[in-house]
Amino acid sequence: MMSRSYTNLLDLAAGNFAALGPSGGGRRRSGSFGMKRMPRVMTVPGTLSDLDDDDDEQAATSSVASDVPSSAVGERLIVVANQLPVVARRRADGRGWVFSWDEDSLLLRLRDGVPDEMEVFFVGSLRADVPPAEQDEVSQTLIDGFRCAPVFLSPELNERFYHHFCKRYLWPLFHYMLPFASPLSPTTEAAASGDGGRFDRSAWEAYVLANKHFYEKVVEVINPEDDYVWVHDYHLMALPTFLRRRFNRLRIGFFLHSPFPSSEIYRTLPVREEVLRTLLNCDLIGFHTFDYARHFLSCCSRMLGLEYQSKRGYIGLEYFGRTVGIKIMPMGIHMGQLQSVLRLPEKEQRVAELLQRFEGKAVLLGVDDTDIFKGINLKLLAFETMLRMHPKWQGRAVLVQIANPPRGKGKELEAIQAEIRESCERINRDFGQTGYSPVVFIDRNVSSAERLAYYTIAECVVVTAVRDGMNLTPYEYIVCRQGIPGSESAPEVSGPKKSMLVVSEFIGCSPSLSGAIRVNPWNIETTAEALNEAISMSEQEKQLRHGKHYRYVSTHDVAYWSKSFIQDLERACKDHFRKPCWGIGLGFGFRVVALDPHFTKLNLDTIVMSYERANSRVILLDYDGTLVPQASINKEPTAEIVRIINTLCSDSNNIVFIVSGRSRDSLGKMFASCPKLGLAAEHGYFLRWTRDEEWQTSTHTSDFGWMQMAEPVMNLYTESTDGSYIENKETALVWHHQDADPGFGSSQAKEMLDHLESVLANEPVAVRSGQFIVEVKPQGVSKGLVAEKILTLMKEKGRQADFVLCIGDDRSDEDMFENIADVMKRNIVAPKTPLFACTVGQKPSKARFYLDDTFDVVNMLSSLADASDLDPITELDDDLATSVSSIDISDEPPRLGNRRDEGS
């Protein structure tokens, strides 16, 4: 069912947007932003560009035969970010533009980690309002001179996309701030000031449209066969789906530079699944810390039912046959750029002035952007508390706080600024002396040279952000305190290198700074003690901690970060051109399904033709998820299914079995009206060839004393896991946790698995985990073995099968697929027997064929039934029936060994 979450990009692409009022409600108008319609994506294999309309085909052609020259080897890295690493300025005479690289941009510096033979091309917007008449000229200048393709957004769209949705909704949410306030009326003063509120759908639509403009610019310059695309940050989270829709084999990486919130916070996002799915259209997703990655994985588990696996140090999510890599790598600084500023005469002059100004003082330094999450006032309160608790620092300790001008606006920000000013005035009034101000507050733009001069003379840097993505301030401080080897510096800073850090535990760089004093900035008293400890610490300890930090910062710079990400992106994409891919779904539900090259949809004409030619057929069918949908509440077979099965069974050339994990009583009752149908219950432990025969067992096992040992363990976990329950079968125990909390249920399942394996180590049982289950059953029991038994018995009695059809949908059915793939080599079936192992749904499987759903399965079986002999019903071959009823099917010792996990 389609929801109002605008998962369907077709509506967005057609321009059916809400009116641009701040409330986001009311009437809708067509073409608010002049967006053209995008084509539908069908479930057809191949390259997605083949499916696009004429306009898109022209765009695709221009992307390959672009005027933008590619590198000599044809391989490029296209870096897509909200803003280009370029500074644009109007000429003094107002005619034309002057462009230069933004030396402070770390995106520019990531080029240092890119292989020499790979060209780097940037796509993003400019921090300047370029009139439409000049945009073509500016674009060509940037492409020719800077290898940059600018994206131009209208002021109206940019306001809704960046200032409204990104900065006032996504950014606070990703920093753990829930939007409790309702959207503000356009008539209120607060609305005019730009304060945001709850989710505004018109702003979300603007966000999607802005991402589409970035996509269109990428299409203009990309060579999809050779290029890599690296998308940066939360501004462009919708971009991967646009790109994947157009080029299903494109190599896409994404790096999030902000925190990723816990699932309890993230789940409040109305478009939560859409955002997760568009990120999963990437090949590699990067985060600064394991905490951020863990939160993302938890969201994928709780909201999409996806579980991650860690293999040889790499974390991956299986998503429709594709493995989406998860990269954890904190960003570094650019050593060369910092050291070049450290060499400037302006910096040396400023250091001398600051040393003279703060002579005899212990300088603590804070350098923060002015926003609601940097905790500047918490820092001031902690410093004030330190001065009260440790009076010895009154007159000796100075806190210099550099507050960069705010990039946003709003009443909350204004309140924070007023609070900061009030704290500064109070501290200086209470503790200030003639010639001594405890707090030096700088709320203006500070040049790089001046900022680094403050780093150089500071004894301790303090970061008390309540939430921050990375924060490279401590890294810059460490490099400045190290200085440049062999340079002339003031004697006060040219001795043994030392530094101290007090950092919030809620910032991304905290885990990598093991020598820093980590604090909870909300605990003012503890932070105050940390400040005292930092400036009171022995010189030797400061030197040791500094040395440890400098070794890490100097080796894990921005080049190391980008090189590592690109290497992992190449590794994640190595199978892109080996597997066939299908593009499926609409809007943000679109995904690419990657399958084995030999995995194809079962052709109805082919199987009917093989069926008609055969004289001894075996049909093995799973039940739940194969003949009836898993989600169906009524699990009873329909009259149509019963009719089809009876028709197939009435053909004397057929042996038809239902092979299920259900109990024999359940299967016997459901198929009581199918006298000739064979049943294999509890994964084949119980077997019955016709309704009138007795149930047989597939092994000699009759001792189930292990159940007395296993059930108390399962009861223990059931009592402590709300929503779980135990299913008691005759030969197995199954613990279900699909209705429990996903994270807790999965954790309990792993713990139970270890517990049961330990308790039952000496028992003849197998303990397996499956889809929301943990199962204990006798060894040597599986659907694969029962399939092999049936085929072997037919061969022994002269009815060697020359047609085999096996259909199932879950893990336990994979045993059947695996075993029948091997029967030809062992001559269990006739030579050249067509083997149709078929799974339900397009997903990785050991089967060679698939059908889309249970409807397709029933339709295919109906076609086979129509092709059967329609003469009056004949009795099953008397010799075979007699031999079946008299043979103990457990006469062959059970084959033990590694089996796939089995569901119930």
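Per-chain numbering applies: the sequence of each chain, read as written, is numbered from 1 onward. Reporting in this predicted model follows two pLDDT cut-offs: at least 70 for local features of residues, and 80 or more for side-chain atom pairs to be given and counted; totals over whole chains, interfaces and linings ignore these cut-offs and use all residues. Side-chain descriptors were evaluated using all non-hydrogen atoms of the structure, hydrogens and water having been removed beforehand.

Where an unreviewed UniProt entry is consulted, the chain appears under the name alpha,alpha-trehalose-phosphate synthase (UDP-forming), with the organism given as Urochloa decumbens.

**Q** What is the right way to look at helix H7 (residues 201-221) in this model?
**A** Quick reminder: α-helices carry 3.6 residues per turn. Residues three or four places apart thus point the same way. Strands are runs of DSSP state E lasting at least two residues, helices are runs of H or I lasting at least four, and both sets are numbered from the N terminus onward. The span expected for a helix works out to 1.5 Å for each residue beyond the first. Its 21 residues place the ends of H7 31 Å apart at the C-alpha level, agreeing with the 30 Å of an ideal helix rising 1.5 Å per residue. Throughout this description, buried means an accessible area under 20% of the type-specific maximum (1.4 Å probe, protein chains only), exposed means over 50%, and partly exposed covers the range between. A large share of H7 lies buried, amounting to 18 of its 21 residues.

**Q** Can you walk me through helix H8 (residues 239-246) in this structure?
**A** The buried fraction of H8 amounts to eight of the eight residues, a majority that puts the element mostly inside the structure. Turning to H8, its buried residues are Leu239, Pro240, Thr241, Phe242, Leu243, Arg244, Arg245 and Arg246.

**Q** What's the story with the sheet that holds strand S18 (residues 501-504) in this structure? I'm lost.
**A** Backbone-to-backbone hydrogen bonds join strands into a sheet, with any given pair of strands oriented parallel or antiparallel. Following DSSP output, two strands are said to pair if at least two bridges run between them. Pairing within the open sheet is parallel, and its six strands lie in the order S16-S15-S14-S17-S18-S19. The sheet terminates laterally at strand S16 (439-442) and strand S19 (517-519), the two strands that pair on one side only. On average, adjacent strands in this sheet sit at an angle of 20° to one another, irrespective of strand direction. Bridge count for strand S14 (residues 362-369) against strand S17 (residues 460-463) is two bridges, and the pairing is parallel. Residue pairing in the sheet places Leu364 in a bridge with Cys460 of S17. Relative to S19, helix H18 (residues 524-536) is tilted by about 170°, and along the sheet it contacts S14, S17, S18 and S19. As a rule, the C-alpha atoms of each element are fitted with a line to give its axis, helices using only the stretch in contact, and angles between N-to-C directions run from 0 to 180 degrees. Contacts are assigned to residue pairs with any non-hydrogen atoms lying within 4.5 Å of each other.

**Q** Is there a simple way to think about the pattern of salt bridges in this case?
**A** Proximity of charged atoms lets side chains of opposite charge pair with each other. Definition used for salt bridges: Asp or Glu carboxyl oxygen within 4 Å of a side-chain nitrogen of Lys or Arg. Going through the model one piece at a time under the given rule, you end up with 44 salt bridges. As a salt-bridge pair, Lys542 and Glu459 come within 2.5 Å of each other at their nearest N and O atoms. Of this pair, Lys542 sits in helix H19 (residues 539-555) while Glu459 is found in the loop between helix H16 (448-457) and S17, placing the two residues 83 residues apart along the sequence. Considered together, Lys542 and Glu459 belong to a single accessibility category, that of buried residues. Note that Arg664 and Glu730 form a salt bridge whose closest N and O atoms lie 2.7 Å from each other. Residue Arg664 is located in helix H23 (residues 664-670), and its partner Glu730 is located in the loop between strand S28 (725-728) and strand S29 (733-736); the two are separated by 66 residues in the primary sequence. Take Glu730: its relative accessible area is 34%, and that puts it in the partly exposed class. One continuous salt-bridge network, built from bridges that share partners, spans Glu384, Arg388, Glu422, Arg426 and Asp430.

**Q** Teacher, can you tell me more about the sheet that holds strand S11 (residues 308-311) here?
**A** Pairing is mixed across the open sheet formed by nine strands, whose spatial order is S7-S6-S3-S8-S9-S10-S13-S12-S11. Every other strand in the sheet has two partners, leaving strand S7 (148-151) and S11 as the edge strands with one partner each. If you compare each strand with its neighbour and ignore which way they point, the axes differ by 25° on average. Here five bridges tie strand S8 (residues 228-232) to strand S9 (residues 251-255), and the two strands are oriented parallel to one another. Its bridge partner being in S9, Val231 is matched across the sheet by Phe254. In the packing of H7 onto the sheet, the strands contacted are strand S3 (76-83), strand S6 (119-125) and S7, and the crossing angle to S6 comes to about 150°.

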